[in-house]
Amino acid sequence: MAMSKSYLNKVELKGGQIILFHRQNAQRPVYHMRIHVRGMKDIRGNKVTYVQRSTGETDLEEARRIALDAFDDLKLKARAKQAVTTLTFSEMYELWWESKKKILEQQWFAKGRTGKNKRVEWYEKHAQRYWLAYFGKHKVEELTHSFVQGYWNWRQTYWARASEEERKKYPNHAINPAKKSLDMEQSALREVFGWANSMKLINYTPLIQNPYARKGIKPKRRASFDESEFLLLQDYMAEWVQGRGKHDRRVNAAHKRNRKLLQIYVHFLAYTGMRTGEVLKLKHKDIGYALIETRETGLVIQVADDTKTGAREVTSTADLVDWYEELCKLTGHTERDDWLFCNWQGKQITGFYKTFAKLLDEAELLYTENGDRRSAYSLRHYYAEQMFAEIGHTHAVLDMLATNMGTGRDYLESYYIRRGLIDGEALVRTRHGYRGVDAVAHDVSS
């Protein structure tokens, strides 16, 4: 077994299967070991000729002891056909993700869905932003119980510590992550470490328990709007689309068009309860008309099958009809295969994240009284409560809303509609809560 000339003070053990040496130009005379065992393989089954790493010792006898222990350990792994290479969490995660991604994609296509797989996107975004950032560079043997549990404090304070630049880059961030978010991460990390243990990449499964689970904290309802707050938002948008916002100086025609588009988008969310991505995927061929529960004409909307819960039919409130007609006039792109929400050229718009956050901030509605940050998703929650009050406090209405919104009834009760309303608490409101184009225009002019 030939040695490089860069190795100094070579000491052979086990007939040359173990070699101790000093590295050239090293600041400290720490012994390194190079070990050869027949039959060694890496995690992918590739042949490994030798394993080389530091003993961490400057004393020859201590270095001998560590090298001999490592030799015995590698022999056992080779006999058991276990991988002998030391992995970082990033490398371990990459191996797990290869198989996990295939399963998710197979499930996606088995349901007849096309386009981007939302579950795959969730894993990839969270892995890059959080899991690999915290665990990534560490060797698997360094992932002790205390280090793994330290992730939750790091995660909960991530956005509080983030730079202003990063916060602006991801305007939908939450300073305090929700229980549901951390529960999903807990489940994912348990799966990663459980897989690694089953593959014998680690010899234990660390305790993975987020603070919400440990304390038994109930799920937190997302920030929503009450009726008066939504009316304030409508009033401010009516001025804002005309270039008369709080901080406006000169607003050109292109900006006014985009603002009008956002105004219509807000009403699509508030009057259908659809998810933000579902609305942005709509084409004109997906829109129809029908009588709704109030015996008025509303929109009947076909949700695409490549969305979160697949294809379904959504019925809007009657007020959305006028906003849809305004949208057609605004864009001029009204062929069957044209996008509803598009730019001047007819190209699909993918979101209004930063603009909507800025709008809410100007309208002093970005945060609730409790300090929770609102987003476009808050309009879905607003819709659920308003419709529940509008049509009636009954279990049949809950079932109808669950179908219309593409969610489960238990989710409606836990996340969308406050418990007091479901238990029959009276809700004082007026029919004026839903306002169409004409009503908003009248308020501005009067």
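Computed from a prediction, not measured in an experiment: that's the story for all the values here.

## As for the overall build of the protein
For the protein, the helix and strand inventory stands at 18 helices and seven strands. A buried classification covers 45% of the 446 residues belonging to the protein. For the protein, long-range pairs separated by at least 24 residues make up 62% of all intrachain contacts whose partners lie at least 6 apart in sequence.

## Focus: the pattern of salt bridges
Taken as a whole and assessed by the stated rule, the structure comprises 18 salt bridges. The residue Glu 124 makes a salt bridge to Lys 101 at a minimum N-O spacing of 3.4 Å. Remark: Lys 101 occurs in helix H2 (residues 89–110) and Glu 124 occurs in helix H3 (residues 118–135); sequence separation between them is 23 residues. With relative accessibility at 31%, the residue Glu 124 sits in the partly exposed group.

## Overview of the environment of Ser 163
In this fold, Ser 163 is placed in the loop between helix H5 (158–161) and helix H6 (164–169). At 3.1 Å, the side chain of Ser 163 forms a polar contact with the backbone nitrogen of Glu 166.

## What to know about the sheet that holds strand S4 (residues 51–54)
The strand order across the open sheet formed by four strands is S1-S2-S3-S4, and the pairing between neighbours is antiparallel. Each having just a single partner strand, strand S1 (7–13) and S4 make up the two edges of the open sheet. Between one strand axis and the next, the sheet turns by 20 degrees as a mean value, whatever way the strands run. Sheet analysis places S1 next to strand S2 (residues 18–23), joined by five bridges and oriented antiparallel. Pairing of Tyr 7 across the sheet is with Arg 23, part of S2.

## Examining unusual backbone geometry
Despite not being glycine, Asn 9 has its phi angle at roughly 55 degrees, a positive value. Here Asn 9 is to be found in strand S1. Notably, Lys 14 is not glycine yet its phi reads approximately 55 degrees, a positive angle. Structurally, Lys 14 can be placed in the loop between S1 and S2. Taking relative accessible area as the criterion, Lys 14 reaches 47% and is therefore assigned partly exposed.

## Here's the deal with helix H10 (residues 253–272)
Spanning 20 residues, H10 covers 29 Å between terminal C-alpha atoms, matching the ideal 28 Å at 1.5 Å per step. Buried residues dominate H10, accounting for 15 of its 20 residues. The opening residue of H10 is Asn 252, an N-cap whose side-chain oxygen sits 3.1 Å from the backbone nitrogen of Ala 254. Gly 273 occupies a position one or two residues after H10 and carries a positive phi of about 75 degrees.

## Topic: the sheet that holds strand S7 (residues 312–315)
Reading across from one edge, S5-S6-S7 is the order of the three strands in this open sheet, with antiparallel pairing throughout. Taken across any chain shown, the strands that pair with only one partner, and hence form the sheet edges, are strand S5 (287–291) and S7. Across this sheet, the average inter-strand angle for adjacent strands is 35 degrees, counted without regard to direction. In this sheet, S7 lies alongside strand S6 (residues 297–303) in antiparallel orientation, the contact comprising four bridges. Looking at S7, one finds that Gln 302 is bridged to Glu 313. Across the sheet, helix H12 (residues 320–331) lies against S5 and S6, angled at about 65 degrees from S6, the strand it touches most.

## Considering helix H14 (residues 378–391)
The first and last C-alpha atoms of H14 sit 20 Å apart over 14 residues, in line with the 20 Å expected at 1.5 Å per residue. By the criterion of burial, H14 is predominantly enclosed, with 12 of the 14 residues buried. By the burial criterion, the buried members of H14 are Ser 378, Leu 379, Arg 380, His 381, Tyr 382, Tyr 383, Ala 384, Glu 385, Gln 386, Met 387, Phe 388 and Ala 389.

## Details of the packing of aromatic side chains
Evaluated as defined, the whole model comprises 29 aromatic pairs. Taking the centre distance of 5.3 Å and the plane angle of 65 degrees together, the rings of Trp 154 and Tyr 158 count as edge-to-face. With relative accessibility at 18%, the residue Trp 154 sits in the buried group. With relative accessibility at 12%, the residue Tyr 158 sits in the buried group.

## Topic: the packing of helix H9 (residues 227–240) against H10
Relative orientation and spacing of two packed helices are given, respectively, by the angle between their axes and the distance between those axes. With their axes 10 Å apart at the nearest point, H9 and H10 run at an angle of 160 degrees to one another. Classified by the angle their axes make, H9 and H10 are roughly antiparallel. H10 is crossed by H9, and the crossing has left-handed handedness. Contact with H9, carried on its side by Phe 230, Leu 233, Gln 234, Met 237, Ala 238 and Trp 240, involves Arg 259, Leu 262, Gln 263, Val 266, His 267, Ala 270 and Tyr 271 of H10 and no other residues of that element.

## Looking at the side chain of Ser 224
Tracing the backbone through its elements, the reader meets Ser 224 in the loop between helix H8 (211–215) and H9. Among the residues examined, Ser 224 registers a relative accessible area of 7% and is labelled buried. Polar contacts involving the side chain of Ser 224 include one to the main-chain amide nitrogen of Tyr 382, which spans 3.2 Å. In this structure Ser 224 touches Glu 229, Thr 368, Arg 374, Ser 378, His 381 and Tyr 382, once residues within four positions along its chain are discounted.

## A short note on the pairing of S2
By the criterion of burial, S2 is predominantly enclosed, with five of the six residues buried. Both S2 and strand S3 (residues 31–35) contribute to a ladder of five bridges, which runs antiparallel. Across the sheet, residue Ile 18 finds its bridge partner in S3, namely Ile 35.

Calculation criteria
All chains use their own residue numbering, which begins from 1 and follows the written sequence. Where totals are concerned, whole chains, interfaces and linings use all residues; where local detail is concerned, this predicted model gives features only for residues with pLDDT of at least 70, and gives and counts side-chain atom pairs only at 80 or more. With hydrogens and water excluded, all non-hydrogen atoms of the structure serve as input to the side-chain values. Comment: elements are numbered from the N terminus, with helices defined as DSSP H or I runs of at least four residues and strands as E runs of at least two. Relative accessibility thresholds used throughout: buried, under 20% of the residue-type maximum; exposed, over 50%; partly exposed, between the two (1.4 Å probe, protein chains only). Residues are treated as being in contact if the distance between any of their heavy atoms lies within 4.5 Å. Within this document, salt bridges are pairs made up of a side-chain nitrogen of Lys or Arg and a carboxyl oxygen of Asp or Glu, the two lying within 4 Å of each other. Side-chain atoms alone can form a polar contact between residues adjacent in sequence; in general such a contact is a pair of N or O atoms within 3.5 Å, and within protein one must be able to donate a hydrogen while the other accepts it. Strand pairing requires that DSSP identify at least two bridges connecting the strands. Between N-to-C directions, angles span 0 to 180 degrees; the directions come from axes that are lines fitted to C-alpha atoms, helices contributing only their stretch in contact. Residue count minus one, scaled by 1.5 Å, sets the expected span of a helix. By convention, a stacked pair of Phe, Tyr or Trp rings (six-membered ring in the case of Trp) has centres within 6.5 Å and planes under 30 degrees apart, an edge-to-face pair has planes over 60 apart, and any other such pair is tilted. Here is the rule for angles: anything less than 35 degrees is roughly parallel, anything more than 145 is roughly antiparallel, 65 through 115 is roughly perpendicular, and the remaining ranges are oblique. Left-handed is the label given to a crossing in which the near helix is rotated counterclockwise from the far helix by less than a right angle, and right-handed is the label when the rotation is clockwise.

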